[in-house]
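Per-entry structural report
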Amino acid sequence: MPAARLDGQVVLVTGASTGIGRSLAAALAARGAAVAGLARGAERLDAAMSEIRDATGARTLALAADVSAPSAVDAAVARVVGELGPVDLLVNNAGLIDAAEVPVWAADRDQWWAVVESHIRGPQLLICAVVPAMVERGRGRVIDLASGMGTRAIPEYSAYSVGKAGQIRLTEALAASLTGTGVYAFNIAPGLVRTEMTGAMPKWRDHTEWTAPEHVVDLVCAAAEGRLDGWSGRFLRAGVDFAGALPELPVDSAARQLRLRPWGPDDPVA
């Protein structure tokens, strides 16, 4: 089946200079979207967005900014709106990883917090800057790049695990607040894609079963096209979940959301 076109859509992808973010920016541009890429490093970002523009003919915009800095985020979004138009799709992909595989008490305290902040404060600031206009227009989608490491405790990557758990819950809260507005929000986990970041993690040194980047692209594009709106506020995993195989709506109202599992049928907090 040929890829659906996204002509006329304006997309903002954070962490767009490398890895998954760059792949998503390129794929969305190839489908006709105007793509703004945001990242901290201006030189690498400029090169990436120029290459995407030359390869696809799409309108692109490079925005050097730190997602955890409110004024920088607001200024970046204002540039997107002014130069490309209102944002139709926000992809929160930027985020840091623990500097060392150590337990919580042995981690550098400032670096630990910077990791958590990048996965929670960053998306929250982008949401605040972008979503009100989506609600006003009655359409739009937010995709937060989640992780299975946010659904369980990972002791050697505690900051990333905590940050991603908070991000997943943030998306759930956002989606619930957006009910009836025509705006939708999704947690999409890319699985384990071989990137500069994952390749540098000792945990995955001997790993061989990587998720194909195309699976991430396909799931994100399906959400952008509106084919996954029934899964707003829920966790989807590239390489396991495929748009054509998912039911229109999940049967269980709590399916694919963070919940406490009861210890038994009489558990009072179930």
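Read on for a plain summary of the structure. Along every chain, residues carry numbers that run from 1 in the direction the sequence is written. Local features in this predicted model are restricted to residues of pLDDT 70 or higher, and side-chain atom pairs are both shown and tallied only at a pLDDT of 80 or more, whereas totals for entire chains, interfaces and linings draw on every residue. Each side-chain value is worked out from all heavy atoms of the structure, with water and hydrogens disregarded.

Counting from the N terminus, the helices are DSSP H or I runs at least four residues long and the strands are E runs at least two residues long. A count of helices and strands for the protein chain gives seven helices and seven strands. For the protein chain, the N- to C-terminal ordering of α and β elements is β-α-β-α-β-α-β-α-β-α-β-α-α-β. In summary, the protein chain has a C-alpha radius of gyration of 18 Å against a globular reference of 18 Å for 270 residues, a match within 12%. We call a residue buried when its accessible area falls under 20% of the maximum for its residue type, exposed when it is over 50%, and partly exposed in between, using a 1.4 Å probe and counting protein chains only. Here the protein chain, with 270 residues, has 49% of them falling under the buried criterion. Contacts are assigned to residue pairs with any non-hydrogen atoms lying within 4.5 Å of each other. Once local pairs closer than 6 in sequence are excluded, the contacts in the protein chain between residues at least 24 apart make up 67%. C-alpha atoms define the radius of gyration in this analysis, and the globule rule sets the expected value at 2.2 Å times the number of residues to the power 0.38.

In the sections that follow, a salt bridge refers to a side-chain nitrogen of Lys or Arg positioned within 4 Å of a carboxyl oxygen of Asp or Glu. One pass over the full model with this rule turns up 12 salt bridges. Across the pair Glu172 and Arg259 runs a salt bridge, and its minimum N-O distance is 3.2 Å. A residue pair is termed long-range when its members are at least 10 positions apart, and Glu172 in helix H5 (residues 158-177) and Arg259 in the segment after strand E7 (235-237) qualify at 87 residues. Given the relative accessible area of 8%, Glu172 is considered buried. When its relative accessible area of 46% is taken as the criterion, Arg259 is described as partly exposed. Where Glu225 meets Arg227, a salt bridge forms, and the shortest distance between an N and an O atom there is 2.7 Å. Its relative accessible area of 26% is what places Glu225 among the partly exposed residues. Residues joined in a network through salt bridges with shared partners are Asp88, Arg137 and Arg139.

When you tally the buried positions in strand E1 (residues 10-14), you get five out of five residues, the bulk of the element. The alternating pattern of E1 places Val10, Leu12 and Thr14 on one face and Val11 and Val13 on the opposite face, and all of these are buried. Note: E1 against strand E2 (residues 34-39), five bridges, orientation parallel. Bridge pairing in E2 places Val10 opposite Ala34. Direction of pairing for E1 relative to strand E4 (residues 89-92): parallel, over a ladder of three bridges. Each residue of the ladder has a partner; that of Val11, found in E4, is Leu89. Should DSSP find at least two bridges between two strands, the strands are taken to pair.

We now examine the sheet that holds E2. In space, the seven strands of this open sheet follow the order E3-E2-E1-E4-E5-E6-E7, with parallel pairing throughout. Strands at the two margins of the open sheet, each flanked by one partner only, are strand E3 (60-64) and E7. For this sheet, the mean angle separating the axes of adjacent strands, direction not counted, is 20°. Lying on the sheet, helix H3 (residues 70-83) is in contact with E1, E2 and E3; it crosses E3 at an angle near 165°. Angles run from 0 to 180 degrees between N-to-C directions of axes, and those axes are lines fitted to C-alpha atoms, restricted for helices to the stretch in contact. Packed on one face of the sheet, H5 meets E4, strand E5 (140-145), strand E6 (183-189) and E7 and runs near 155° to E6.

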